[in-house]
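The primary structure of each chain is shown beneath.
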Amino acid sequence: MLRRVSGGKMSNYRIEGATGTWEVVIGLEVHAQVTSNAKLFSGASTQFGAEPNSQVSLVDAAMPGMLPVPNRECIRQAVRTGMAIEAQINAWSRFDRKNYFYADLPQGYQISQLYHPLVGKGSLTIEADEKAGIPEDKVIGIERIHVEQDAGKLMHDQHPTMSYVDLNRTGVALMEIVSDPDMTSPAEAGAYIRKLRAILRYVGSCDGNMEEGSMRADVNVSVRKVGDTELGTRTETKNVNSVRFVMQAIEHEVQRQIDVLEDGGTIVQETRLFDPNTGTTRSMRSKEDAHDYRYFPDPDLLPLELEQEFLDECRASLPELPDAKRARYTGELGLTDYNARELTAEVETFARFETLLAETAKALGKPEAKVATPVANWSLSVAPGVIKALGDEGDMANATPERQAAILKMQDAGEISGGQAKEIFEIVLKTGREPDEIADTEGLKQVSDTGAIEEAIEKIMAANEDKVAEYRGGKDKLFGFFVGQTMKAMQGKANPAVVNQILKDKLG
Amino acid sequence: MKLTLGAANAAFMSVTREQVAKIASLARIKVDEGDLDHFVPEFNAILGFVEQLGEVDTSSVEPMTAVIPQKLRLRDDVIDADPLTGGGKQAEVLANAPVAEHGFFGVPKVIE
Amino acid sequence: MTDLTNLGVKAIRDGVAAGDFTAREVAESFNANVAAAAALNAFIVTTPEHALAAADAVDAKRAAGEELGAMAGVPIGMKDLFATRGVQTSAASAILEGFKPEYESTVSQKLWDAGAGMLGKLNLDQFAMGSSNETSHFGNVANPWKANDGGNAVLAPGGSSGGSSAAVAARLAPAATGTDTGGSIRQPAAFTGISGIKPTYGRCSRWGIVAFASSLDQAGPMARSVEDCAVMLGAMAGFDPKDSTSLDAPVPDWAGALSADLRGKKVGIPKEYRMDGTDAEILASWDDGIAWLKDAGAEVVDVSLPHTKYALPAYYIVAPAEASSNLARYDGVRYGLRDLPEGAGLQDMYAATRAAGFGPEVKRRIMLGTYVLSAGFYDAYYTQAMKVRTLIQRDFNEAFEKCDVILAPTTPTAAFPLGDKLDDPLAMYLNDVFSVPASLAGLPAMSVPSRLNAKGLPLGLQLVGKAMDEQMVLNAGLAIEQRAGFDAAPGKWW
């Protein structure tokens, strides 16, 4: 039986086998569909889910005499992605042909980039995650990003003796993002993909939709004994399309490879297929002899030479990226690490947060840094809690930034309590009414009227003269008793700060 | 230069039947023994001829990348900008297909 | 009235425009010649109705007083490598037999737009691979010329544009399209006593032309005069955004600027082309050419193209390598032949289809290309060949510092009998020894007829110009044409 034990800081993923302790080396080749209207080398649409072979041009179908002309936007998005991982951008690159025969590849070759990729060395950082066994931030090298054509799709279950070929995907632009073999556990691989996905989505170069196949990974895995310096023979598991499956595929491959090696076998360098139903991998028969791709520069295309102006525009159009945004959130905005990480994980999350932050700062007339923490807490826990509890009863369209900011403003001014804020938000979600009006109409405001509070406190002090004496005699703890009694008398609507102040004055 | 083939070329390392058969397989061209009988010597003659390229000192020469010096043009990201290279051509794409059913091309069943 | 089929492109166009005869009369005359020349096997498919429809459209335009195009009323032959909508486009292969494209090649469309009509699709070497038109799935093309040596051997019309050369020489068409990868316009033109020009790489769009070797393929006209070539090239050339290698440059008015006055021009004579074993009559023809160009006012200078020797071996790496990849799309899935043996899987289907659909020469080149690109051999063969290509281009650049145009023979011999070199691929390849260097360098090059040899067969002279300078090539060609006085025509035997 194999047992996982924790190890040192560099890599804490170790497999205890029958013959010793094993470690794992993982590299990922992520294929990310470039966000563009038209295909890489033809004018056909890239839209998902159309009738079979309807989004196919004569170029995509590789009719005789058809020629490729590259789409500027695809190149631009790949360059921007490269810039986002601080990679070398190669102003001179070329397209090569990768030759092999398959029914989803009409040309008999894929136009790709082997010898001179558009993007060279870069890196990204995965964050420490103790629970996942990542003890500290880790930089994962990225060897290259190149641009290439996607293949078509084969359907095997439509006919008893035939497979059906749909070329709608054929020629859609992909970025192949090749990592260095820097990952040493399934968790690191998962974190890498999540981080890469976040970067792609921040940049807008890929929608990151793994279910629809916009992002998929080829997973290269090898194992070796701890202390060995040579890499073991690797296998490549193709087209794994979720973070969870990538981690499963690695776990399965690791166990399988160790089993084979400990039984005295050798690992065959091969292409494997992941079966999501069983969580296992198997050898891919159709790729058995596809090892000699006869790459050579595509003679239908000239070298791709990018002008400085083009590169400048690519850089100028880059948004704030996840690492920078997180640093700004913890630094300038003073948010906790946890909040900053949660808020920056997804494009939608930070976009909502930043909109509400701006709205709230404006409503309060305060700088963003002064209101960031309550807005963050609201965005991450308060609002989602109310929304979740309401379920179908709420309509998110009612939760405009203006209304949410209005609630936060009342709370900041002490006009409403945290509990009242939730109640008001609930009504907003249900009805779309304005928070100020709700607070007034529904009596959801706390009392800051010192007269009413003084009156209540005086009654309580009169009714509890013994306790007043004890307090004044030095029993400080009794202060809480008077606060509680006052709040009770005020039916919870008193502003706690005002109550505290008056009590202090009266009790002396 | 002579317009005949130099005898020196015969010294060139020749390809075997097995190699030629493997190349044919890589090129997805079915060959039988009779095909190999003529392909192998023809192959060796041609390879012997092209082998003379090895004489040229190209250590300081870059391979040609563009026949006529030009930069690659990039087109705008517009769907069907030129109808000739645009999509929406299911009928045209399938018109010459040996087997087309339900909008798909049909091929012998593939096991992946 | 003169026999309209003796007229060339410009004479027909001008005659139609002037009302000397109608475009329909022209089309009918050529259709008749085509129909009567089945023995030449120049056409794979004839399209008399296309020629007539185009002619009628021109006649109607003229009647309406509309402006007529540069090729108005001229019926031409279309090499069956150009995609023609609704008309079989086979590249002379079994694998594309019956393939009717849903699109029109850029070059053919430009010709129709200029008022030309199509007499039919011309035979060629299969996928343009060959120098004798003997590799066509649709049979050999016969050269209309025969030797006067008493024998009755049928000669090769050259290749790969053998149907084009035969049709133009035999007056089946006033002009035809050709394509030239290593000499496929120039060599057949020389073998049949006509003119043909391969323009600078990128002048004519490759969109819709069945690809052989992408970095070498260029379309060009074949006709019976230099001026006709200039007129037709003007209609074929032009920037095409659908072809990434298309030259984004204006098309000069070559025909309008034609001039045989070469005063102040220098003609380079490359010493490396004086090869041992070259036919003495070829060398004599070359000397004639030198004398004619001097007579036209040019200064003749010696130039050196030191890597000439390596052009052919480099070509036989680069062209097959590109072809092996370009022809991978013929797999029996989307169009063309499918051979599906009982119980065959996908990969078996590919191998069977390609074995049945490609002829021996095509297979040879695909396999050769596959080999030179395969793991472990790529650098030694392909990269080295592309480096040598750089050197060959550099040779030309240096030579063109000393001269404006280069004069050389087009071919090492006159037309040879069909079957002569069929069993020896290398001997066949040597036919292109003089034409391949200009192809590798992407330069404009032309063949014009010079004289008949002792056997009564035409010989050609080749002019190679600087990139983009088709004008110089055409002008020098015109100077030769005017002095050679080549007006021989093959005796009709078909």
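In this convention, every chain numbers its residues from 1, walking through the sequence in written order. All chains are assigned letters beginning at A, and all ligands numbers beginning at 1, according to the order in which they are written. Predicted model: local features are reported for residues with pLDDT of at least 70 only, side-chain atom pairs are reported and counted for 80 or more only, and whole-chain, interface and lining totals are derived from all residues.

(A) Main features of the interface of chain C and chain B. Contacts are defined on C-beta atoms placed from the backbone: any two residues whose C-beta positions lie within 7 Å are in contact. Taken together, the 66 residues of chain C in the interface contact 45 residues of chain B. Elements represented by at least two residues in the side of chain C that touches chain B include exactly α9 (311-326), α10 (346-357), α11 (360-373), α12 (378-399) and α13 (425-429) of chain C. Each helix corresponds to a stretch of at least 4 residues labelled H or I by DSSP, and each strand to a stretch of at least 2 residues labelled E; elements are numbered beginning at the N terminus. The leading source of residues in the side of chain C that touches chain B is α12(C), at ten residues. Think of it as three bins: nonpolar holds Ala, Val, Leu, Ile, Met, Phe, Trp, Tyr, Cys and Pro, charged holds Asp, Glu, Lys and Arg, and polar takes everything else, Gly as well. Classifying every residue of the side of chain C that touches chain B by side-chain character gives 36 nonpolar, 17 polar and 13 charged.

(B) Geometry of the environment of Pro444(C). Residue and element names in this part refer to chain C. Relative to the elements of secondary structure, Pro444 occurs in the loop between α14 (436-441) and β10 (445-452). For the pair Pro444 and Gly465, spaced 21 residues apart in the sequence, the C-alpha separation amounts to 5.4 Å. The contact partners of Pro444, leaving out residues within four places of it in the chain, are Ile197, Lys198, Pro199, Thr200, Gly465, Asp469, Glu470 and Val473.

(C) Here's a closer look at the interface of chain B and chain A. The interface of chain B with chain A comprises 35 residues on the first partner and 45 residues on the second. Mapped by element, the contributors of at least two residues to the side of chain B that touches chain A are α3 (90-94) and β2 (104-108) of chain B. Looking at the side of chain B that touches chain A element by element, the count peaks at five residues for β2(B). Of the residues that constitute the side of chain B that touches chain A, the class distribution is 15 nonpolar, nine polar and eleven charged. Paired strands, as defined in this entry, are two strands with at least two bridges between them according to DSSP. Of the strand pairs in this sheet, strand β10 (residues 162-166) of chain A and β2(B) are connected by four bridges, and their pairing is antiparallel. Bridge pairing links Ser163(A) to Val107(B) in β2(B).

(D) Up close: the sheet that holds strand β16 (residues 296-297) of chain A. Strand order in the open sheet formed by three strands is β6-β5-β16 (chain A), with antiparallel pairing between adjacent strands. The strands lining the two open edges of the sheet, one partner per strand, are β6 (109-112) and β16 of chain A.

(E) The arrangement of the confidence of the model for chain C in detail. Summing up the model confidence of chain C, the mean pLDDT is 97 and the portion of residues at 70 or higher is 100%. With pTM at 0.92, the complex prediction returns an ipTM value of 0.97. Scored between 0 and 100, pLDDT is the confidence that the predictor attaches to each residue.

(F) View of the environment of Asp420(C). The residue Asp420(C) is located in the loop between β9 (405-409) and α13 in this model. For the pair formed by Asp420(C) and Leu155(C), sequence separation is 265 residues and the distance between their alpha carbons is 9.2 Å.

(G) Structural detail: the sheet that holds strand β9 (residues 153-155) of chain A. Strand order in this open sheet of four strands is β9(A)-β10(A)-β2(B)-β1(B), and the pairing throughout is antiparallel. A single partner strand is all that each edge strand has here, and the edge strands are β9 of chain A together with β1 (100-101) of chain B. Two strands pair when backbone bridges link them, and β1(B) and β2(B) are joined in this way by two bridges, in the antiparallel orientation. Paired with Glu101(B) across the bridge in β2(B) is Phe104(B).

(H) Main features of the pairing of strand β8 (residues 299-303) of chain C. All names here are of chain C. Examined bridge by bridge, strand β7 (residues 266-270) and β8 share five bridges and lie parallel to one another. Note that in β8 the partner of Lys266 across the bridge is Glu299. Crossover handedness is defined here as right-handed if the route from the first strand over the helix to the second strand goes clockwise, with the strands pointing away from the viewer. For the crossover from β7 across helix α8 (residues 280-295) to β8, the handedness is right-handed.

(I) Focus on the packing of helix α12 (residues 450-463) of chain A against helix α14 (residues 478-489) of chain A. Residues and elements named next belong to chain A. At a minimum axis distance of 10 Å, the contact between α12 and α14 shows a crossing angle of 125°. With respect to each other, α12 and α14 are oriented oblique. Seen along the crossing, α12 lies across α14 with a hand that is right-handed. Along its contact with α12, which presents Ile453, Ala456, Ile457 and Ile460, the element α14 presents Phe482, Gln485, Thr486 and Ala489. Of the residues assigned to the contact of α12 with α14, the class counts are six nonpolar, two polar and no charged. Between the N-to-C directions of two axes lies an angle of 0 to 180 degrees, each axis being a line fitted to C-alpha atoms and, for a helix, fitted only over the stretch in contact. Each angle gets one of four labels, with under 35 degrees taken as roughly parallel, over 145 as roughly antiparallel, 65 to 115 as roughly perpendicular, and the rest as oblique. Take the far helix as the reference: if the near one is turned anticlockwise from it by less than a right angle, the crossing is left-handed, and if turned clockwise, right-handed.

(J) Highlighting helix α15 (residues 470-484) of chain C. Residue and element names in this part refer to chain C. Working rule for helices: expected span equals 1.5 Å times residues minus one. Relative to the 21 Å expected for 15 residues at 1.5 Å per residue, α15 spans 21 Å between its end C-alpha atoms, a close match to the ideal helical length. Exposure in this text rests on C-beta crowding, where 20 or more other C-beta atoms within 10 Å of a residue's own make it buried, 12 or fewer make it exposed, and counts in between make it partly exposed. The C-beta atoms are placed from the backbone. The buried fraction of α15 is high, at eleven of 15 residues. Within the sequence span of α15, burial applies to Glu470, Met472, Val473, Leu474, Asn475, Ala476, Gly477, Leu478, Ala479, Ile480 and Glu481. At the exit of α15 stands Gly485, carrying a positive phi of roughly 55°.

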